[in-house]
Amino acid sequence: MTVLVLAEHNNQALNPVTLHAVAAAQKLGEVHVLVAGSGSLKVAEQASQIAGVAKVLHADAAHLGEGLAEEIAVQIVALAEPYAHVLAAASAFGKNVIPRVAALLDCSQVSDLTEIVDKKTFVRPTYAGNVFTTVQSDEAKLVLTIRASAFDVASQGGSAEIVFVSSTSAQSLSRFVSRELQTSDRPELTQARVVVAGGRALGSAEQFSAVLNPLADVLGAAIGASRAAVDAEYVANDCQVGQTGKIVAPDLYIAVGISGAIQHTAGMQGSKTVVAINKDPDAQIFNVADFGIVGDLFEIVPQLTEALKAR
Ligand code: FAD
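Keep in mind that this is a model prediction, so the values were computed, not measured.

Rules and cut-offs
Residues numbered from 1 in each chain as written. Predicted model: local features only at pLDDT ≥ 70, side-chain atom pairs only at ≥ 80, totals over all residues. Heavy atoms only, no water. Helix = DSSP H or I, 4+ residues; strand = E, 2+ residues; numbered from the N terminus. Rg over C-alpha atoms; globule rule 2.2 N^0.38 Å. Buried < 20%, exposed > 50% of the residue type's maximum accessible area, 1.4 Å probe, protein only. Contact = heavy atoms within 4.5 Å. Areas by Shrake-Rupley, 256 points an atom, 1.4 Å probe, with all protein chains shown as cover. Lys, Arg positive; Asp, Glu negative; His and termini not counted. Charge placed at Lys NZ, Arg CZ, Asp CG, Glu CD. Pairing = 2+ DSSP bridges. Axes fitted to C-alpha atoms, helices over the stretch in contact; angles between N-to-C directions. Domains from an automatic or database assignment. Buried area = accessible area lost by both parts, 1.4 Å probe. Polar contact = N/O pair within 3.5 Å; in protein donor to acceptor, adjacent residues only side chain to side chain. UniProt positions renumbered as here; feature names shortened; annotations may be inferred.

**Examining the overall build of the protein**
Phase 1 of the analysis: When helices and strands are tallied, the protein shows eight helices and 15 strands.
Phase 2 of the analysis: A compact globule built from 311 residues would reach a C-alpha radius of gyration of about 19 Å, and the protein, at 21 Å, matches this within 12%.
Phase 3 of the analysis: Here the C-alpha coordinates of the protein stretch approximately 60 × 40 × 40 Å along the principal axes.
Phase 4 of the analysis: Burial status across the protein gives 48% buried among its 311 residues.
Phase 5 of the analysis: The contacts in the protein between residues at least 6 apart in sequence include a share of 64% that link residues at least 24 apart.
Phase 6 of the analysis: As displayed, the protein offers around 14,700 Å² of accessible surface, 48% of which is attributable to carbon and sulfur atoms.
Phase 7 of the analysis: For the protein, the distance from the average position of its 21 positive side-chain charges to the average position of its 31 negative side-chain charges is 1 Å.

**A few points about the sheet that holds strand E6 (residues 115–118)**
Sheet strands pair via backbone hydrogen bonds, and the direction of the pair is either parallel or antiparallel.
Phase 1 of the analysis: Overall, antiparallel pairing links the three strands, which are arranged E6-E7-E8 in an open sheet. Here the strands that pair on one side only, and so sit at the sheet edges, are E6 and strand E8 (131–136). Looking at each pair of strands side by side, their axes are set apart by 30° on average, direction ignored.
Phase 2 of the analysis: As defined by bridge partners, E6 adjoins strand E7 (residues 121–126) across three bridges and the pair is classed as antiparallel. The residue bridging Glu115 from the neighbouring strand is Val123, located in E7.

**Observations regarding the sheet that holds strand E2 (residues 30–37)**
Phase 1 of the analysis: Pairing in this open sheet of seven strands is parallel, and the strands run E5-E9-E4-E1-E2-E3-E10 from one edge to the other. Each edge of the open sheet carries a strand with a single partner, namely strand E5 (108–113) and strand E10 (161–164). If you compare each strand with its neighbour and ignore which way they point, the axes differ by 25° on average.
Phase 2 of the analysis: The sheet strands contacting helix H2 (residues 41–48) are E2, strand E3 (53–60) and E10, and the helix crosses E3 at an angle near 170°.

**Here we look at the environment of Ala128**
Phase 1 of the analysis: For Ala128, the position within the fold is in the loop between E7 and E8.
Phase 2 of the analysis: Residues Ala128 and Ala148 lie 20 residues apart in sequence; the distance between their C-alpha atoms is 17 Å.
Phase 3 of the analysis: Leave out the neighbours within four places in its chain, and Ala128 touches Gln243, Ile262, Ala266 and Gln269.

**Things to note about the domain arrangement of the protein**
Phase 1 of the analysis: As assigned here, the protein comprises domain 1 (2–164) and domain 2 (194–310).
Phase 2 of the analysis: With centres defined by C-alpha atoms, the gap from domain 1 to domain 2 works out at 32 Å.
Phase 3 of the analysis: Counting residues at the interface gives five residues for domain 1, matched by six residues for domain 2.
Phase 4 of the analysis: Across the interface of domain 1 and domain 2, roughly 500 Å² is buried in total on both sides, 53% from carbon and sulfur atoms.
Phase 5 of the analysis: Its largest share of buried area at the contact with domain 2, domain 1 owes to Ala128, Arg147 and Ser149, together 71% of the area lost on that side.
Phase 6 of the analysis: Put simply, domain 1 and domain 2 have zero residue pairs in polar contact (both at pLDDT 80 or more) between them.

**What about the UniProt feature "domain: Electron transfer flavoprotein alpha/beta-subunit N-terminal" (unreviewed entry) in the protein?**
Phase 1 of the analysis: Under the present numbering, the feature "domain: Electron transfer flavoprotein alpha/beta-subunit N-terminal" (unreviewed entry) in UniProt falls on residues 3–180.
Phase 2 of the analysis: Along residues 3–180 the backbone is 24% helical and 31% strand, and the end-to-end C-alpha distance reaches 33 Å.

In structure tokens form, the structure reads like this:
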């Protein structure tokens, strides 16, 4: 069986989620990677160097350059015939493209996999991660998205051949207008090894950054937030962790003034070590915490930051 993995990239470099997608795909069979882009040869070369990739399909055309789901999905469908599985990361990009592929191929999609048991059997979270469901399908073709944080990173050291494939004609159903990129010196939230996340208790945008940034700086951490903090405009909404935000699984997650609603813990309960700071000893966040500190965050976080700086 051969698997087609959709590469995620910006025409210059592969997004690391593709390495997780390849590692997941290796559990299903021989791995081919599709790089669909514009001026994206460098990305195809990077994909060819991933260990375990047997072939890179490279489709290059102007209309494939901005990752428009309507264009990429049609390109995948044109190539999908020999593949038993089409797989992508359950990122914003993958979640946009892959359901269209399933609809166009008229086959089932299994989303957000956390485990691949065998070629037909998968584990995925339901009810905001409170239950893990085992899904089995006997369909000849399946499209899949995987939760990147649940799979290892494929290693480097491959030398796959790059095959240039003809691009499908432009669908022109949607048009790229502009892109606004947030730039930050901090690591990207879903890839960060340490996340410092704040909740409603921070009280204002000024306090959120004054209290949490120094701690994040000393730990080299990304900043995360609860939905309440995002709704109150303490931070940008791309910091939201949870069911309707980002899924993170860092080595260390520090939850500051977050109650631990299931919609929040759905996005962080895969973290290796969770530290929670909350003044309510009965806060739900302590149920998923490895270390809990009961007290006022405005006293504890500055003390913790100073102690870490002193080390
Ligand atoms: P609160 O629940 O108000 O908790 C604040 C906490 O701070 C409390 O535990 C309190 O004890 C503590 N505290 C207060 N003052 C201090 C202090 N000085 N020092 C220390 N601790 C203090 N939420 C998400 O986070 N992510 C999601 O993706 C998400 N998706 C949702 C989807 C749906 C469909 C719905 C219905 C809800 C969703 N929510 C999500 C919202 C979620 O249910 C909670 O409302 C939200 O997570 C609460 O945020 P919070 O913990 O910051 O605020």
